[in-house]
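These are the residues of each chain, in order.
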Amino acid sequence: MAHIPATSLGSKSKKHFLGVPAPLGYVAGVGRGATGFTTRSDIGPARDANDVSDDRHAPPAAKRKKKEEEEEDDEDLNDSNYDEFSGYSGSLFSKDPYDKDDAEADAIYESIDKRMDEKRKEYREKRLKEDLERYRQERPKIQQQFSDLKRNLIAVSEDEWANLPEVGDSRNKKQRNPRAEKFTPLPDSVLSRNLGGETASTIDGRSGLASMIPGVSTPGMLTPSGDLDLRKIGQARNTLMNVKLSQVSDSVAGQTVVDPKGYLTDLQSMIPTYGGDINDIKKARLLLKSVRETNPNHPPAWIASARLEEVTGKVQMARNLIMRGCEVNPLSEDLWLEAARLQPPDTAKGVIAQAARHIPTSVRIWIKAADLETEVKARRRVFRKALEHIPNSVRLWKAAVELENPEDAKILLSRAVECCNTSVELWLALARLETYENARKVLNKARENIPTDRQIWTTAAKLEEANGNIHMVEKIVDRALSSLSANGVEINRDQWLQEAMEAEKSGAIKCCQAIVKAVISVGVEEEDRKQTWIDDADHCAKEGAFECARAVYNFALSEFPSKKSIWLRAAYFEKNHGSRESLEALLQKAVAHCPKSEVLWLMGAKSKWLAGDVPAARGILSLAFQANPNSEDIWLAAVKLESENSEFERARRLLAKARASAPTPRVMMKSAKLEWALNNLEDALSLLDDAVKVFPDFAKLWMMKGQIEEQRNLLERAVDSYNSGLKKCPNSIPLWLLLSSLEEKRKLLTKARSVLERGRLKNPKNPILWLAAIRIEIHGGFKDMANTLMARALQDCPNAGELWAEAIFLEPRPQRKTKSVDALKKCEHDPHVLLAVSKLFWSERKIQKCRDWFNRTIKIDPDFGDAWAYFYKFELQHGTEQQQKELLDRCVTAEPKHGEEWCRVSKDIANWCFKTDEVLKAVVKILPTPI
């Protein structure tokens, strides 16, 4: 017996699983059935939620399914799906529930991924583009490969091109179908030739030629002798062609007989008008049917059903439905009216007649019945029948009266006011048709029946005014207010003022004035009266009710006779909307109540002067002197009056008196200007020398002194004068401009630039100085420098319309429109920008747009003379004589005073006597046409 080691015996008796870790999910005792159990007292299961379930006795299908799931999990979590950086490609927690925290985490990671993607997006796209270009270079398209051969095609001649074979020519056909035979139809001209030297018109059917003609072999085409008659075949062919052509053309050279409009109309009638889904129609039908069956006494359901069928093109079904609805609901006027609408006119009359029998008190049905009648006589008969059933319907009475002549209408209205005694319209209509005496009686009866309506009272006042009883108008209006108040009617001030405006429009001026006088103070606080009445007058003037506005001003002036502001507003109102006589009468009253108001005196004198009454103007100014001694404005007005009428000596004497009694800067300036205008330059300079010593800070004196010296060609002295003026008045922009202009005139561009630079330092953010600097560069030919300056200027003054207007035309033509849009965004209501846009449209020959923009410009700023001048030049080129005259009159009325080109002409001493129209025409001559 062999010796067996002790170790082998020990290992044989030892179990193999001892000392080995328990497998995952091992639960002791599960194999022998010792599992946990639950009772009612337990809260949860005895087994842990993470325990492996015991599915030994589960059905085979469940086991297979679980095994597949485990295999999938293993595939997701095996080493092949593991990456050191990313981890497992599968989800480790796919079995866990997806809650709010997971969603928030996913959103955060997604935002991070998106941000990281955006960081490298540009680089990635650039790299993709480079890769694509490299790929195209390595593998070019077929089109690119043949591009050099295409370019060589220019050397191919027309003959070579014509000899190129077509795709699919005879050689290719033979290759595709070598057995195919080609037959060529033989023309009639060959067949009708002299065959064999003889003239023949037939072919023997048994000959080979007959087989060449398609269709000849068909039985019945041969003559009894077996020959084929060629002429008959040709005639038959021509006849057949003519029949086909006659089907599509008429006797007029080839015109089609198909009417395109009628054809389209027929097609339209075949197409259903409803373009929606057919299923929606079916659902709607089903729903409406359910509504009708559930509640057959509901008229809207029947109407909706009928309209649905009408929309889908089934009009007859719609008519049948609506008539059934009328049978079920014979007292519904909506159903009957819908039925009448759906029926043709003749049938509709019968439907409406049936409706009137069922509902004889329906006004709408009777009116529909009258509308269906074509003759006036029949309509009258319908209305009278309706009034028998409904005598208290105001609508029916009014419709019936409109069809009658005045006499019959009067009879009808007398009956109508008996039946409808609370209808104001019927009473007033009757009063208008009656004579004066009867109208008064009618209105008195109306007041008795309707004591709370103001229209009856105002109509009575208009009646009295129309018949010359002016004294009764104010009494009636006063009685109206007291009567209405006694009957508990609130006096609404706005409604009464509106009534006054209506009275003015109807021509009842006295009635309008009486109403304004009676109600103007109603409901107005003591301290608000002045402003409220001024607002009322402005509102009336805007509405075109000038008499109402005049009445408001008259009442306000009677309450506030010493208020200069009201007198001025009234005077301007009369100037704009009244006559010269009314203005002068008002101004006489004004200066009597406000003698210290210089403006009122000057307005009166100017009105007389414009009317050509110079002595009267002098008289007014002399009275003004008495009331306002040593008044500068009155002195200067008197001087202007004399100088405008060529009374220069009187003007000199007046100015000498003014300098002695009221030596103001303006008086000194006007004195020097008069001598300058009369070409007495030495006297003017001596006056200015004295003036600048007394008033050194008055810039206009320095300007005039420099300009006179320029005129005398004393340029160095002019420069000294401007520089001296700028030391005293560094904020005077015109002085800086005059000095820079003078330096530019002397060809010293550097000095001109330096002057404007100093001016901008003294006066920052001033667009006029920037504009002058830009134009110096443009005049010198330095376009790039001008553009640079313009950019700096727009940064310094971004809302300056003058700069934007210049910038538009600095651009090349294609970019001007874009620049104009930018300018309008920055300065939407600036007249300079609007003028530039108008000129832009003018250069593009957009006539109507240009006219509209010019109108906008002068409406925004009527004092802007350049806009008027360009507009007038535009109308001279593109407008009618009527348009030119209207524009000239508007300009004279507006009296513009400002504008670069306008001031260049109006301020020229040679044009010192020019009136507005003369200045306008002079400016037009120097303006360039926009290009």
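Residues numbered from 1 in each chain as written. Predicted model: local features only at pLDDT ≥ 70, side-chain atom pairs only at ≥ 80, totals over all residues. Heavy atoms only, no water.

### Concerning the overall build of the protein chain
Right, on to step 1. Looking only at helices and strands, one finds 50 helices and 6 strands in the protein chain.
Right, on to step 2. Counting the 931 residues in the protein chain, one finds 34% classified as buried.
Right, on to step 3. Put simply, 49% of the contacts in the protein chain that link residues at least 6 apart link residues at least 24 apart.
Right, on to step 4. With the model as given, the accessible surface of the protein chain reaches about 59,400 Å², and the carbon-plus-sulfur share is 53%. (Helix = DSSP H or I, 4+ residues; strand = E, 2+ residues; numbered from the N terminus. Buried < 20%, exposed > 50% of the residue type's maximum accessible area, 1.4 Å probe, protein only. Contact = heavy atoms within 4.5 Å. Areas by Shrake-Rupley, 256 points an atom, 1.4 Å probe, with all protein chains shown as cover.)

### With respect to the confidence of the model for the protein chain
Right, on to step 1. Averaged over all residues, the pLDDT of the protein chain is 78; the fraction at 70 or higher stands at 81%.
Right, on to step 2. Note that residues 1-11 has pLDDT below 50 and, in this model, 1 contact with residues that lie over four places away or in other chains.
Right, on to step 3. Counting interchain partners and residues more than four positions distant, the pLDDT-below-50 stretch residues 207-226 has 26 contacts. (pLDDT = per-residue confidence, 0-100.)

### Focus on the packing of helix α25 (residues 493-505) against helix α27 (residues 529-542)
Right, on to step 1. Packing of α25 against α27 brings their axes to within 12 Å, and their N-to-C directions diverge by 40°. Judged by the inter-axis angle, α25 sits oblique to α27. Crossing hand, α25 versus α27: right-handed. When α25 is examined against α27, the residues Arg 493, Leu 497 and Met 501 are found in contact with a partner set consisting of Thr 532, Trp 533, Asp 536, His 539 and Cys 540. (Axes fitted to C-alpha atoms, helices over the stretch in contact; angles between N-to-C directions. Parallel < 35°, antiparallel > 145°, perpendicular 65-115°, else oblique. Left-handed = near helix turned anticlockwise from the far one by under 90°.)

### Observations regarding the packing of aromatic side chains
Right, on to step 1. Throughout the structure, instances matching the rule amount to 11 aromatic pairs.
Right, on to step 2. A ring pair is formed by Trp 533 and Phe 555, whose centres lie 5.3 Å apart and whose planes are at 80°; its orientation type is edge-to-face. Of the two residues, Trp 533 is situated in helix α27 and Phe 555 in helix α28 (residues 546-559); the sequence distance between them amounts to 22 residues. Here the two residues Trp 533 and Phe 555 agree in accessibility, since each one is buried.
Right, on to step 3. Plain terms: the ring middles of Trp 842 and Phe 854 are 6.2 Å apart, the flat faces sit at 75° to each other, and that makes the pair edge-to-face. Of this pair, Trp 842 sits in helix α45 (residues 831-843) while Phe 854 sits in helix α46 (residues 847-860), and the two are 12 residues apart along the sequence. Summarising the burial analysis for this pair, Trp 842 and Phe 854 share the class buried.
Right, on to step 4. Through pairs of rings, three or more aromatic residues link up here, namely Trp 842, Phe 854, Phe 871 and Phe 874.
Right, on to step 5. Just above the ring of Trp 770 sits the side chain of Arg 760; from NZ or CZ to the centre is 4.2 Å.
Right, on to step 6. In this structure, Lys 839 is placed above the aromatic ring of Phe 809, and the distance from its NZ or CZ to the ring centre is 5.2 Å. (Phe/Tyr/Trp six-rings, centres within 6.5 Å; stacked < 30°, edge-to-face > 60°. Lys NZ or Arg CZ within 6 Å of the ring centre and 35° of its normal.)

### Thoughts on helix α43 (residues 801-810)
Right, on to step 1. The element α43 is largely enclosed, with a buried count of 8 among its 10 residues.
Right, on to step 2. When we look at burial in α43, the residues that qualify are Gly 801, Leu 803, Trp 804, Ala 805, Glu 806, Ala 807, Ile 808 and Leu 810.
Right, on to step 3. The inward-facing, buried residues of α43 abut α41 (767-779), α42 (783-796), α44 (813-826) and α45.

### Considerations on a positive patch on the surface
Right, on to step 1. Residues Lys 640, Lys 673, Lys 700 and Lys 907 make up a contiguous surface patch of positive charge.
Right, on to step 2. Following the sequence through the fold, Lys 907 ends up in the loop between α49 (900-906) and α50 (916-926). (Patch = residues over 30% accessible without salt bridge, like charges linked within 9 Å, V, L, I, M, F, W, Y side chains within 5 Å. Salt bridge = Lys/Arg side-chain N within 4 Å of Asp/Glu carboxyl O. Lys, Arg positive; Asp, Glu negative; His and termini not counted. Charge placed at Lys NZ, Arg CZ, Asp CG, Glu CD.)

### A few points about a negative patch on the surface
Right, on to step 1. On the surface, Asp 96, Asp 99, Asp 101, Asp 102, Glu 104, Asp 106, Glu 110 and Asp 113 cluster together into a negatively charged patch.
Right, on to step 2. Looking at where Asp 102 falls in the secondary structure, it is placed in helix α3 (residues 100-119).

### Some remarks on the packing of helix α33 (residues 632-644) against helix α35 (residues 665-677)
Right, on to step 1. Across the interface, α33 lies against α35 with an axial gap of 10 Å and an inter-helix angle of 15°. The orientation of α33 relative to α35 falls into the category roughly parallel. Pair α33 / α35 crosses with left-handed handedness. Where α33 abuts α35, its residues Glu 632, Asp 633, Leu 636 and Ser 643 lie against Arg 666, Val 667, Lys 670 and Leu 674.
Right, on to step 2. Residues of the contact of α33 with α35, tallied by class, amount to 3 nonpolar, 1 polar and 4 charged. (Nonpolar A, V, L, I, M, F, W, Y, C, P; charged D, E, K, R; others polar.)

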